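Structural description and commentary
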Amino acid sequence: MSHQIRRTDDLLGLEAGLEALHATSEFEGPIESVDEHDSYDHLALIYESQAEQFATVIPYLERGLERGERCVYIADENDTEAILSALRDADVDADAALESGALTMHTAQDSYLRNGAFDPDEMIAFLEDAIEEAAEQYEGLRIAGEMTWVFGDDPPIEELVEYEGNLNELLPDANGIALCQYNRERFPAEILRDIIKTHPHLIYDDTVCQNFYYTPPAEFFGPDQPEREIDRMMGTLLDRTEARVELQRRHQHLQRQNEITADPDASFDEKLQEMFELGCERFDLELGAMARVDADRDWFEIEYTSDDHEYLEPGVELPLSETYCMGAAGIEAGECVSDPEVEGYDDAVVYEEFGLQAYLGTYLEIDGGDDRTFFFVSSDGRDEGFTAEERTFNQLMGQWVKYQLEQNRREYHERTLYEIAADPDASFDEKLQEMFELGCERLDLELGGLARIDLASDSFEIEAVSDENDYFELGAETTLSETYCRLTLDERRTAAVTDPERAGVEGIPSYEEFGLETYLGTRIELENGADRTFFFVSSGSRDRPFSDAERTFHHLMSQWIEYELEQQQRERALEESNERLEQFAYAASHDLQEPLRMVTSYLQLLESRYGDAFDEDGEEFLEFAVDGADRMREMIDALLEYSRVETQGDPFEPMDLDAVLDDVLEDLQLCIRESDAEVTAGGLPRVKGDASQVRQIFQNLLDNAITYAGDEPPRVHVDAKRRGQEWIVSVRDEGIGIDPDDRDRVFTVFDRLHSREEYEGTGIGLALCQRIIDRHGGEIWVESEPGEGSTFSFTLPAVENAAESPR
């Protein structure tokens, strides 16, 4: 029952009955006026079970008590305790209502039959007294009466119909509403048929229905009743047939609209043209159009039309007040025109000069852009005004246009935001200025800014602005508590102001001195640096709050700035780390080289002076010592070279990898010849980087490919392929290969996979390659299986506008 209570809640009220029935969105069925009758405060409930009866009656009473009305219940089929129990189950304080007099319970014997028999006039007098008494203390009177008492003394149906007819006359002039309840299981069909005819509206199956079969009492009892009933029945059949045809027509147009808007292959312009055609057909008008409008500037500019027109074409501008669209824009009442002279448009340009006779339009308030009117016009007059259904259909089309315009605008700004953020050639400051311009356009605000803030010292310092003025300039400082940015310090981090006085900031300098009316800002928290606020402000007022889409766009910009600032911190920390590493490596090299030279010198002195005194073991030990000192020197030199990759590299410039490889092969010519190696290469591209360091990568990879070739002569191939904005360069060999578990180890400093007796080397060559590739913003990896060779691949940035394929 609770579900039905929600559906019927607020269906009925003491306002004009028709308005009360229209007032709720839960109502099912088209409530319309009934010809020759003005009462909509008298209804009949046809029910088939107590549950169905209570589903309407209980919320009907509950709503009346909530509204401060007196409720009168006349029980017969149910005893009064059953009614009160149902009210209590619905959380209605029935006992308090009884005690206060807001709820009174009666039986048929002390109301309808209070004088021992039913008398229509006496019952009407009873209700008149009840309404008059209720008016002294309550908002009105709400009556619910069970009608099963009719079967007691069997009053003639004429008396019951007379009473119902008199009730139709009483209620429109009194602040009362009545609900008569008829049990379909108890009343004979012929009586229910007559009851239905005497009530202008019925409640059946939880739906309030307009009664097409209502017959005023004068007709019901008149001599022409059969003839009038035939006329009414035929009229009803005709009305229903016409309504069905109209419903089918509406359905076809709605279906066509859905097909147009859902077409994934059509552009916005194509869909808009199809919408114009559909609207012209639906409203029987000549031309569909859309215009940009601004009521404050009295501005109107045609943006799209469905067809060529003598006066209306894209680009045409007019004062909005000279068009019918001023009605849709709210300058004057109305959104449709069917008789310009009667409706006050007789001196408008669109009527006087353009000759437009009919108009149907809807106003589109666009988030973050120019507002629009979406409309249809015709030079032919219209005999009848536009129906509510036609206006609704026009509004539905307008809603789609509004959504699409806002979606297109969001996509454009988001795409532009991505393009700015992804520009590899622009600096942070350049990107930030473009962000400011984009944000000012998207949010329709005057100025964007970025400021350092410190809550502890209450400081605020401008770090960047889109346009300097007397109040916002680089380095300008003030106290944080005197700015709107203080509002971003709570947990939400984002704050918006469109009404300074309402926001409680009217006393601070940002408003009093600077005259800022509008603000949208976000606090950016950094792990190892001063926090910032990223904001947009304007001295102009804003008549609506910032939308979710606008806040989301501002948040996206803030996230990029937060990432960039943190990246700058990381880069600075990395630079400092590299400098410390280089200083350490240099110091280590310098400090360790001297004792190594001393050790080597003394070993050589021992060998020259006492060499003859050493036995075979002694000579071997001396050789080990000298070799260890030499290897230590090589490792120190390699470590120094590794540490200087970041700080001692050359600037990145375009280079031909073919030329770099040729230089490396020239240096390795002797090694290649002695090992009978074969090195081939495909056409290599132009890339951007440090040529000397890239040369070192090739030298290390080729040297390794020759060194680890195994028993067969080395066979090495160098190739490249494009991947987006970078090239993947590969060096493939047919050597001994690498175990999959060791693929990551090969890039670790001084981590060797083979003993020095098997292969010489310091174990830092591939780690050096990885550090060089890291500096170039790329990656390096190896694909290999033992005995099946290895392919080392690394990426380098492509040269912009270079050929797509290697030369």
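The rules behind the values
Residues numbered from 1 in each chain as written. Predicted model: local features only at pLDDT ≥ 70, side-chain atom pairs only at ≥ 80, totals over all residues. Heavy atoms only, no water. Phe/Tyr/Trp six-rings, centres within 6.5 Å; stacked < 30°, edge-to-face > 60°. Helix = DSSP H or I, 4+ residues; strand = E, 2+ residues; numbered from the N terminus. Buried < 20%, exposed > 50% of the residue type's maximum accessible area, 1.4 Å probe, protein only. Core = buried A, V, L, I, M, F, W, Y, C linked by side-chain atoms within 4.5 Å. Contact = heavy atoms within 4.5 Å. Salt bridge = Lys/Arg side-chain N within 4 Å of Asp/Glu carboxyl O.

Considering all chains together, one arrives at 25 aromatic pairs under this definition. Relative to F376, the ring of F276 lies with its centre 6.2 Å away and its plane at 80 degrees, an arrangement referred to as edge-to-face. On the criterion of sequence distance, the pair formed by F276 in helix α12 (residues 268-283) and F376 in strand β13 (residues 371-378) is long-range, its members being 100 residues apart. No difference in accessibility class separates F276 from F376, as the two residues are buried. Summarising the aromatic geometry, the rings of Y311 and F354 are spaced 4.5 Å apart at their centres and angled 10 degrees between planes, so their arrangement reads as stacked. A residue pair is termed long-range when its members are at least 10 positions apart, and Y311 in the loop between β9 (299-305) and β10 (317-318) and F354 in the loop between α14 (349-352) and β12 (358-364) qualify at 43 residues.

Before going further, it helps to spend a moment on the nonpolar core. Buried together is how nonpolar side chains tend to be arranged in soluble globular proteins. Core analysis: the largest hydrophobic core is formed by 37 residues, its most contacted members being L657, F698, L702, V718 and F794. Among the secondary structure elements, those contributing two or more residues to this core are α21 (657-667), α23 (691-707), β23 (715-723), β24 (726-733), α24 (765-775), β25 (780-784) and β26 (790-797). At 7 residues, the largest contribution of residues to this core is made by α23. The residues touching F698, leaving out its near neighbours within four places in the chain, are L657, V660, L661, V664, L684, V718, V729, V731 and F794.

Bringing the pattern of salt bridges into the picture now. The tally for this structure, following the rule as stated, stands at 30 salt bridges. For the salt bridge of R372 with E303, the shortest nitrogen-to-oxygen distance reads 2.7 Å. With a gap of 69 residues between them, R372 in strand β13 and E303 in strand β9 connect regions that are remote in the sequence. For R372, a relative accessible area of 6% puts it in the buried group. Residue E303 is classed as buried on the basis of its relative accessible area of 17%. R493 is the salt-bridge partner of E562, the closest N and O atoms lying 3.8 Å from each other. Of the two residues, E562 is situated in helix α19 (residues 548-610) and R493 in the loop between β16 (477-479) and β17 (494-497); the sequence distance between them amounts to 69 residues. Note on E562: relative accessible area 21%, which makes it partly exposed. Relative accessible area serves as the criterion here: at 26%, R493 is assigned to the partly exposed category. Ionic contacts of the salt-bridge type, sharing partners, join the residues R292, E303, D370 and R372 into one network.

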